Amino acid sequence: MPGLFPDLPIQHTPKRNDIALLHKLQCRVCPLAQINNLHPDMPASGAEDPLVYILGEAPGKDEDIEGKQFVGESGQLLRPNIPREFRNRVRFNNVVRTRPWKNETPSPTAIECCRPSIIKDIERSKPRAIFGFGNVPLTWVSGFSGITMWRGRRMPVRVGTHTCWYYPMLHPAFLLRQGREGKASISELQKFFILDLKKAWAEVEDLPAAQVHTPDDVFQDIECLYDPVRIENSLRWAAEQPDIGVDYETNMLRPYGPKARILTIAVANEERGIAFPLDHPEAEYTPRQRDMVAGSWKRFLLTAKGRKWVHSLAFELEWTGVHFGRELIRAGRWRDTSNQAAIIDERRGKQKPGPFSLEFLVQQYFGINLKKLTNVDRKKLASTPVEIVCLYNGGDARYHKHLGIAQAKVIKGLGLQEANRLAQRRVPTVVLSTIKGIPVRQEVVARLRKKYAKRIEIVTRKIFKLPQVKQFNAENKDRFVPLEPKNVIYVLNDIMKRKECRTVNKWTDKVEYSSEEDVLKKIGGKFCNLILRLRKSVKRKSTYIDPLFIGDEDCVVHADGLIHPIYNTYFAETGRLSAEDPNIQNVPKRDEEAKEVREQIAALLDYLIAAFDYGQIEYRVIGMFTKDKTLVKALWENFDVHGDWARRIAHRYPARIGGKKFLNDVKVMKDFRTDIKNQWTFPLFFGAKLESAAGYLKIPPENLTKEYDIFWQHFAGVKQWQEDVHRFYDKHGYVECLTGRRRHGPLSPNQIINSPVQGSAAEIVLDAMCRLSELDDWEYQPEINIHDDLTFVRAPEKRIDEFSEKIIDMMIDVPFEWAKVVPISVEMSYGKNWLNMEEVGTFFSHQWRK
DNA sequence: AAGACGTGCGCG
DNA sequence: AAAGCGCGCACGTCTT
């Protein structure tokens, strides 16, 4: 039986010497041999000459009684999913052939004792593929864990002398256990269990021969060069190759500042690899020689004929742009293998190494662990001997190329070339935004820092004077920590006896405690208000102010006085960008006081900050997807759908707005319209049920059943589309946005609806961002993307009209055919700093004159 | 000292 | 996991 948490890595691995001994002595030293089992040491069963080798974890109770694998509950889930025509062509075995005590996950010792006999059986029976169920066989065969990230993939493996394919599958016992514990996702996971098996059976007979790469494949013919002339000549060879892997090793993560160095550079394909130092401390170049090498490298980048494959291209491009020149960012044909990986399978996972890492992907495609071959600490490269760094660098570069070619083939097979093209195109665009950077006004930073430091001090002092806190300190041995939710909950629940902090989980019936803002606001009083004030002040200071202060230890302002936020193009599973270091996408804007942190971002002399928002972009995308008559018409005619529903619902249930007398109150109805937009129209479009929407609105659902029905009669096309998307998902296991970019399950019902909408909106905005960037005019390179917003912090003040007209032109003209069913709108605002932004106007595609 | 995890909160 | 969805980051606790 697999553990409760299927991705848990197997711990306490025995040491290498001990493993050899366990392999030699096998059952004689196996801890499981001590257990009184009916069928210990269970032999494999099934076909002698199998197509597929079904490998489980260990026998369970029923298996032990019958002496056969997969005959219990797990077998009942698995066996019906073996197609009839394959029933006589499978062989069954487990990683451990004796039932562990109480079905515990087998210990590493037991696994190693059993390993030789399993290997022998696989070598003898020579299956085309192994279907491995659960984390244990996955780790057994590959050393990797994290079955939920590995499922749905396949990798070549070498077991003893036999090479074949390995399919990581969820373990049926895990699905059964989830079901018993009443987890809602049971059917969802089961669906993928069945889908994975179906996919595997469909292709298993026609698989090409599996190939596992060897350490020789990785390091053969990789030369480390130290002579500038030989480097120049070798780069001429590299520039002629149709496909070449490229990789840098650097001493820092970011390229800014005087200490940032590219240590070594490597280019490689399967036939040859060359790696050489640039600024590695051991490089013995004269200054002239060093410049020669840099010159040769620039020439290579400009003249390379083939595709340059890089894993995490944004990293190499940022260094390239800063150290060799911005023009090289679009030179030749850069390709990103991590973006490819995300197009094929966007699951990010939280386990390390994650599915976007080179280590994971090389294991998946080539059956070898690249990182384990070289015992190099990536954080200490500057003090690692240069020839070792070069070798390591060359091996990585080679696999960038291998991975690129392998993934390109998969992408073609899936018909995802267009989605991939759009994904690749984003990389140079966002890197240029990153490099361009955003100026920070230190005097504003310093002022705000002082203000909030003082406030935090005062509020903290007041908190410790409160009687509740004094009582807390008397009753507990540890002092009250105001920012610790558990401590706050203790005060609310045990001292103040307030029930507002308790909720019963709808799904599990468990009592849960919370000290979040809503709860504290509901309770009110000195304690709650002070805690809230402290939280908000600390958040503002440490998230939005301190990191901008030059001198702070986590300062994100670089040596050039700018912040250079990194945009990730493939982290958000819907295809949005995400930003970090700092996250420029979540700077306060709504809260009247909190938004003052925006003043820290200000335009330089003669420039303005100009922001361009796509108006209601997701709403328009729903129109593009559904072509719903009512919705499309409303968009063309600028009809106020939210206002319309605000009126309808206010008439149905006037109590919500304070009574009938407010039906004609402009202010009240305007506020109510906002509520309707956020708590009715949008949630319903995104898949919310009547109960949820009514709950948000605080109107009893029974008062809204009629409106709910009318709503969906009205927007029948939207309803139809929601049902279609669900059907598509049930069949394929993924949904797609309007460019074909996919998002795979498991997904919740609402994610199924939301993902295509959010994803398509992101494609529209990113396409505009790319087109602006591709103008190749630094002025039109946006510095900031906030999902539906492109912001320029260097808009030329004197030519602002001409400048913004050009940008609106570009943004409004969405080139995708599927986008043309509805009009597009762009809202513009500008100002001297990011706080005081003045709205200029809203521009519609169908009213826009050039 | 570094990482994982939970809670909370900022944005679209 | 579900909660309309998607993120990053700070703080605090606990583990290695």
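Basis of the calculations
- Residues numbered from 1 in each chain as written.
- Chains lettered and ligands numbered in written order.
- Predicted model: local features only at pLDDT ≥ 70, side-chain atom pairs only at ≥ 80, totals over all residues.
- Heavy atoms only, no water.
- Helix = DSSP H or I, 4+ residues; strand = E, 2+ residues; numbered from the N terminus.
- Buried < 20%, exposed > 50% of the residue type's maximum accessible area, 1.4 Å probe, protein only.
- Polar contact = N/O pair within 3.5 Å; in protein donor to acceptor, adjacent residues only side chain to side chain.
- Contact = heavy atoms within 4.5 Å.
- Near = heavy atom within 4 Å.
- Nonpolar A, V, L, I, M, F, W, Y, C, P; charged D, E, K, R; others polar.
- pLDDT = per-residue confidence, 0-100.
- Pairing = 2+ DSSP bridges.
- Salt bridge = Lys/Arg side-chain N within 4 Å of Asp/Glu carboxyl O.

Chemist: Go over the side chain of aspartate 767 with me, naming the residues and quoting the values.
Modeler: Residue placement: aspartate 767 occurs in helix α30 (residues 749-774). Residue classification places aspartate 767 among the buried positions, given a relative accessible area of 6%. A distance of 2.8 Å separates the side chain of aspartate 767 from the side chain of arginine 771, its partner in a polar contact. Here aspartate 767 is in contact with Arg425, Pro815 and Phe816, once residues within four sequence places are set aside.

Chemist: Please give an account of the protein's contact with DNA strand B that cites residues and values.
Modeler: Around DNA strand B, 22 residues are found, and the nearest of them are Ser515, Lys539, Lys589, Arg590 and Asp788. Sugar and phosphate atoms represent 77% of those atoms of DNA strand B found within 4 Å of the protein. Between DNA strand B and tyrosine 544 there is a distance of 3.3 Å, counted from a sugar or linking oxygen to a side-chain nitrogen or oxygen. Note that a sugar or linking oxygen of DNA strand B is positioned 2.6 Å from one of the side-chain N or O atoms of aspartate 788. With four residues, helix α22 (residues 525-545) is the largest single contributor of residues to the surface near DNA strand B. Here the surface near DNA strand B is composed, by residue class, of five nonpolar, six polar and eleven charged.

Chemist: Quick rundown of the confidence of the model for chain A? Include the residues and the values.
Modeler: Across chain A, the average pLDDT comes to 91, with 96% of residues at 70 or higher. Per-element confidence in chain A ranges from a low mean pLDDT of 73 for helix α1 (residues 16-25) to a high of 98 for strand β11 (residues 307-310).

Chemist: I'd like to hear about the pairing of strand β23 (residues 789-796), residue by residue, with values.
Modeler: Along any regular strand, the residues point their side chains to alternate faces of the sheet. Along β23, eight of the eight residues are buried, which leaves the element largely enclosed by surrounding structure. One ladder, built from six bridges, connects strand β19 (residues 607-614) with β23; its direction is antiparallel. What sits directly across from tyrosine 607, in β23, is proline 796. Both strand β22 (residues 784-785) and β23 contribute to a ladder of two bridges, which runs antiparallel. Counterpart to asparagine 785 in the pairing with β23 is leucine 790.

Chemist: Give me the lowdown on the pattern of salt bridges, citing residues and values where you can.
Modeler: Enumeration over the complete set of coordinates arrives at 56 salt bridges. For glutamate 593, the salt bridge is made with lysine 451, and the minimal N-O distance between the two is 3.1 Å. Of this pair, glutamate 593 sits in the loop between β18 (578-580) and β19 while lysine 451 sits in helix α18 (residues 442-465), and the two are 142 residues apart along the sequence. In this structure, glutamate 593 and arginine 540 form a salt bridge, with 3.3 Å as the shortest nitrogen-oxygen distance. Of this pair, glutamate 593 sits in the loop between β18 and β19 while arginine 540 sits in helix α22; the two residues are 53 residues apart in sequence, bridging distant segments of the chain. By relative accessible area, which is 29% here, glutamate 593 ends up partly exposed. Because the salt bridges share partners, they merge into one network encompassing Lys451, Arg455, Arg540, Glu593 and Glu596.

Chemist: Could you give an account of the environment of valine 538, naming the residues involved and the relevant values?
Modeler: As for its position among the elements, valine 538 is in helix α22. With 438 residues separating them in the primary sequence, valine 538 and proline 100 have C-alpha atoms 51 Å apart.

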